[in-house]
Amino acid sequence: MSAAADPAPSAAPSDSDLVRAARGLPVSRTPVWFMRQAGRSLPEYRALRAGTGMLAACQDPDLVTEITLQPVRRHGVDAAILFSDIVLPLLVAGVDLDIKPGVGPVVAQPIRSVADVDALPPLEPDRLAFLDTAVRQLVAELGPTPLIGFAGAPFTLATYLIEGGPSKEHARTKAFMYAEPEAWGRLLDRLAVSAATFLRTQVDAGASAVQLFDSWAGVLSAADYAERVLPHSRAVFDGLGSRDVPRIHFGVGTGELLPLIGDAGADVVGVDWRIPLDEAARRVGPGRSLQGNLDPAVLLADRSTVDREVRRVVEQGRAARGHVFNLGHGVLPDTDPGVLTHVVELVHELSMSPAHPTTPTA
Ligand code: CP3
């Protein structure tokens, strides 16, 4: 394969290593990016954000463009991820919410009744002009580097709407799911429609891949996930219609859900650090690639531990149809950005080594 001999990025983002790995095609080297790469671990991010609220920043196309580009310039990652947040579509639709520093999304009037579900405003696509502008600017700046668009999956968004903020047990969410199954279905339907609108806007403006974050789905049993959540996540991906971009689906603590999660329509299943990638590949089954799964806490340890763990993840990732190197969850705020740059270099070096060709036999 000529690609294996030429580590230079190819000209089109649709033919980048990220997109190719997501589709299970040969790559020049294992692509790597980091969830939460755009954000608090970067001093240039903190400088740019000073004086601007998180949700205001997400709606300013020039800030979105610059913040999204910062980690690409600094680390040489193989993909950009749009600087935004999973709750942004709710805010744009008219839900009263804020992102409190160090806490996360907080909703002024949580959804607690069937009437609250019916009062949830729909997301009008014409309110997303700022997003269209940001993505178009970004794609022009990024050149061959693909932009990953994203949205929050219906379940994870429902946890914020029902709990009113971050929560560990998601007990109110589950109680509502059991007590009001019809309203639950309607709520997740609505959230799926707005997530699909949010993703379509990004893809139509030039995003090369999408990731659906169902961060908290791991709190559910496989049976509840399959019956009460997965159909709505599938509706989000179905809402992309024939738009031909790879679909990544991620959640934390989803070990028991891995056999199901791809069925929502994912080309790539994101895996956290709890399950080694070779075992994850077995659980996910053939026909899908994997993304992950270095424990973000490892980046706070000494260099030899970092290197050992990166090697392990790269090795175990060879069991997958295609592997996109990432963390098992987002970059922790205290992470030294220099370590992230080092990980990018190491993953590239390890996966280009002639002793370990990454090129799967087609
Ligand atoms: O990954 C990236 O670099 C792109 C940007 C991005 C943000 N949030 C920016 C952000 C992405 C992809 C998200 C997704 C997101 N937001 C998820 C799914 C991913 C995951 O971590 O599981 C979730 C659950 C949220 C909700 C949310 N927003 C949380 C839990 C927090 C953290 C609160 C805190 O401060 O500890 C946020 C705020 C947030 N989103 C920040 C950033 C950069 C920090 C706010 C700031 O810098 O002021």
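Not measured: the values here are computed from a predicted model.

**Q** So what exactly am I meant to see when it comes to the site of the ligand here?
**A** The full set close to the ligand counts 25 residues, and Arg36, Tyr45, Asp85, Ser215 and His329 are the nearest of them. Arg49 places a polar side-chain atom, nitrogen or oxygen, 2.8 Å from an oxygen atom of the ligand. Gly102 has a polar backbone atom sitting 3.0 Å from an oxygen atom of the ligand. Taking 870 Å² as the accessible area of the ligand by itself, protein coverage stands at 92%. The cavity where the ligand resides is the largest pocket. Within the residue set of the shell around the ligand, elements represented by two or more residues are α3 (43-49) and β3 (104-107). Looking at side-chain class alone, the shell around the ligand contains 15 nonpolar, 6 polar and 4 charged residues.

**Q** Would you explain the packing of aromatic side chains in this entry?
**A** The geometry of two aromatic rings is summed up by the distance between their centres and the angle between their planes. Applying the stated rule across the entire model yields 4 aromatic pairs. Here the aromatic cluster, defined as three or more aromatic residues joined through ring pairs, consists of Phe150, Phe213 and Phe250.

**Q** Please explain the layout of surface pockets as it appears in this structure.
**A** By rolling a water-sized probe across the atoms, one finds the places where empty space is left. When its volume is computed, the largest pocket comes out at roughly 1500 Å³. Among the elements of the structure, α3, α4 (54-57), β2 (97-100), β3 and α9 (154-163) are those that each provide at least two residues to the lining of the largest pocket. Broken down by class, the residue content of the lining of the largest pocket amounts to 27 nonpolar, 14 polar and 9 charged.

**Q** When you look at the UniProt feature "domain: Uroporphyrinogen decarboxylase (URO-D)" (unreviewed entry) in the chain in this model, what are you seeing that I'm missing?
**A** According to UniProt, the "domain: Uroporphyrinogen decarboxylase (URO-D)" (unreviewed entry) feature falls on residues 31-40 and 148-164. In this annotation, residues 31-40 is assigned 0% helix and 0% strand; the end-to-end C-alpha distance for the span is 23 Å. Summarising residues 148-164: 59% helix, 29% strand, and an end-to-end C-alpha distance of 28 Å.

**Q** Got a minute to help me understand the packing of α9 against helix α11 (residues 181-204) in this structure?
**A** What describes two packed helices is the angle between their axes and the distance between those same axes. In contact at an axis separation of 9 Å, α9 and α11 are set at 115° when each is read in the N-to-C sense. Comparing their axes, α11 and α9 come out roughly perpendicular. Crossing angle aside, the handedness with which α9 passes α11 is right-handed. Facing α9, whose interface residues are Pro154, Phe155, Leu157, Ala158, Leu161 and Ile162, α11 presents Trp184, Leu187, Leu188, Leu191 and Ala192. A per-class count over the contact of α9 with α11 returns 11 nonpolar, no polar and no charged.

What counts as what
Residues numbered from 1 in each chain as written. Predicted model: local features only at pLDDT ≥ 70, side-chain atom pairs only at ≥ 80, totals over all residues. Heavy atoms only, no water. Near = heavy atom within 4 Å. Polar contact = N/O pair within 3.5 Å; in protein donor to acceptor, adjacent residues only side chain to side chain. Areas by Shrake-Rupley, 256 points an atom, 1.4 Å probe, with all protein chains shown as cover. 1 Å grid on protein atoms, 1.4 Å probe; cavity = no way out; pocket = protein on both sides within 12 Å on 5 of 7 lines; lining within 4 Å. Sits in = over half its atoms within 2 Å of the grid points. Helix = DSSP H or I, 4+ residues; strand = E, 2+ residues; numbered from the N terminus. Nonpolar A, V, L, I, M, F, W, Y, C, P; charged D, E, K, R; others polar. Phe/Tyr/Trp six-rings, centres within 6.5 Å; stacked < 30°, edge-to-face > 60°. Points joined across faces, edges and corners; volume = space filled by probe spheres on them. UniProt positions renumbered as here; feature names shortened; annotations may be inferred. Axes fitted to C-alpha atoms, helices over the stretch in contact; angles between N-to-C directions. Parallel < 35°, antiparallel > 145°, perpendicular 65-115°, else oblique. Left-handed = near helix turned anticlockwise from the far one by under 90°. Contact = heavy atoms within 4.5 Å.

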